[in-house]
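# Topology and contacts: notes
These are the residues of each chain, in order.
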Amino acid sequence: MMKNLAQVLQKPKEGSERKYDEDYIKYEFSWCGDETAPRPQCIICSDQLSNESMVPSKLKRHLYSSHPSCANKDKQYFKRCLEQNKKQKKFMKSAVTVSEKALEASYHVAKLIARQKKPHTVGETLIKPACMEIVRLMLGPNEVKEVNKVSLSADTVKRHIHDMSSDILGTLIKKLLSAEKFALQIDETTDIKNKAQLIAIVRFVDEDFIKEHYLFCKEVPERTIGEEIFRVTDDIFKICNIQWSNCIAVCMDGAAAMTGRKKVEKAFFFRQLSIKQIFSERDKIQL
């Protein structure tokens, strides 16, 4: 009974919230928060007090204890400080907005460079100077300053491409894991440096549609035999937390490294798995 009575006594009455008075600025206080229950905010240090502190005595106590050097300042001084704070907030907000746009533009240009397979240096040596020249001639020199804020250095382009690649792979892995069952298509080829590259493509159902996506392209460091191909693929699956048990079919070409030199010979790659169907370009092998 006493506990309930104490709670009732401590609970503030509805409509008893203190309101801000314009005269409180002489105590170096403005207000923030909800208009129905404003909180006093110090103009000098930006400290926020509770609504219950919206009384001259408590505001004055903060002024004299925290900012004694400002105790003798008049209202006009605090009004100028308040206006300066508002301008700084507005400037910071606009600066953040410009930075976000510049960052977004940098990512878009990096994507174009990656799609065209151009050197990463082309952003800083050609694209950015060309954009600045176009903007200078068509819009004026002031707008050139905004274009100059877009970072297109080789390191920046490389980092953006890596970020986008990681994001795409992460999205693909999430969809692949949610789909549970998938089919795998693998093939190996040799690049211009005579290095063996293993390419993998996955096919799965995503929102009632069959989707086919590139999964990875990794160098095969050793010989291109079934054992090494399986090891490279298995390492990627472990990193991405992909279970071989969800792979219902594998498609590959008819090379001996993939299927074995004879049809009756089971390649190492498939002896490690319980996959029931393996498709090649020429036939289907039932294990």
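Residues numbered from 1 in each chain as written. Predicted model: local features only at pLDDT ≥ 70, side-chain atom pairs only at ≥ 80, totals over all residues. Heavy atoms only, no water.

On to the overall build of the protein chain, then. Regarding its fold elements, the protein chain presents nine helices and eight strands. In the protein chain, once contacts between residues fewer than 6 apart in sequence are set aside, the share between residues at least 24 apart is 47%. Carbon and sulfur atoms make up 53% of the accessible area of the protein chain, which amounts to about 20000 Å² in all. (Helix = DSSP H or I, 4+ residues; strand = E, 2+ residues; numbered from the N terminus. Contact = heavy atoms within 4.5 Å. Areas by Shrake-Rupley, 256 points an atom, 1.4 Å probe, with all protein chains shown as cover.)

What follows is about the confidence of the model for the protein chain. Across the protein chain, the average pLDDT comes to 78, with 79% of residues at 70 or higher. Between the elements of the protein chain, mean pLDDT differs from a low of 40, seen in strand β8 (residues 284-286), to a high of 93, seen in helix α4 (residues 122-138). Across residues 1-12, where pLDDT falls below 50, the model places zero contacts with residues more than four positions away in sequence or in other chains. (pLDDT = per-residue confidence, 0-100.)

On to the packing of aromatic side chains. Tallying each qualifying case throughout the model produces six aromatic pairs. Geometrically, the ring pair formed by phenylalanine 182 and phenylalanine 237 is edge-to-face, given 6.0 Å between the ring centres and 65° between the ring planes. One end of the pair, phenylalanine 182, is in strand β3 (residues 182-190); the other, phenylalanine 237, is in helix α7 (residues 226-239), and 55 residues separate them in sequence. Under the relative-accessibility criterion, phenylalanine 182 is labelled buried at 2%. (Phe/Tyr/Trp six-rings, centres within 6.5 Å; stacked < 30°, edge-to-face > 60°. Buried < 20%, exposed > 50% of the residue type's maximum accessible area, 1.4 Å probe, protein only.)

Topologically, histidine 160 is positioned in helix α6 (residues 154-179). Overall, histidine 160 belongs to the buried group, its relative accessible area being 4%. Setting aside residues no more than four positions away along its own chain, histidine 160 makes contact with Leu103, Ser106, Tyr107 and Ala110.

This next bit is on a nonpolar patch on the surface. A surface patch of nonpolar side chains, about 490 Å² in accessible area, is lined by Ile134, Leu137, Met138 and Leu139. Mapped onto the elements of the fold, leucine 137 is located in helix α4. Residue classification places leucine 137 among the exposed residues on the basis of a relative accessible area of 60%. (Patch = residues over 30% accessible without salt bridge, like charges linked within 9 Å, V, L, I, M, F, W, Y side chains within 5 Å. Salt bridge = Lys/Arg side-chain N within 4 Å of Asp/Glu carboxyl O.)

This part covers the state of the cysteines. Tallying each qualifying case throughout the model produces zero disulfides. Here cysteine 45 stays free of any disulfide, with the sulfur of cysteine 42 as its closest cysteine sulfur at 3.5 Å. (Disulfide = S-S within 2.5 Å.)

Moving on, we get to the pairing of strand β5 (residues 209-219). Sheet analysis places strand β4 (residues 196-206) next to β5, joined by 10 bridges and oriented antiparallel. In the sheet register, aspartate 206 faces β5, and the bridge partner there is phenylalanine 209. Counted along the chain from β4 to the antiparallel partner β5, the turn is two residues long, and its residue glutamate 207 has a positive phi close to 55°. (Pairing = 2+ DSSP bridges.)

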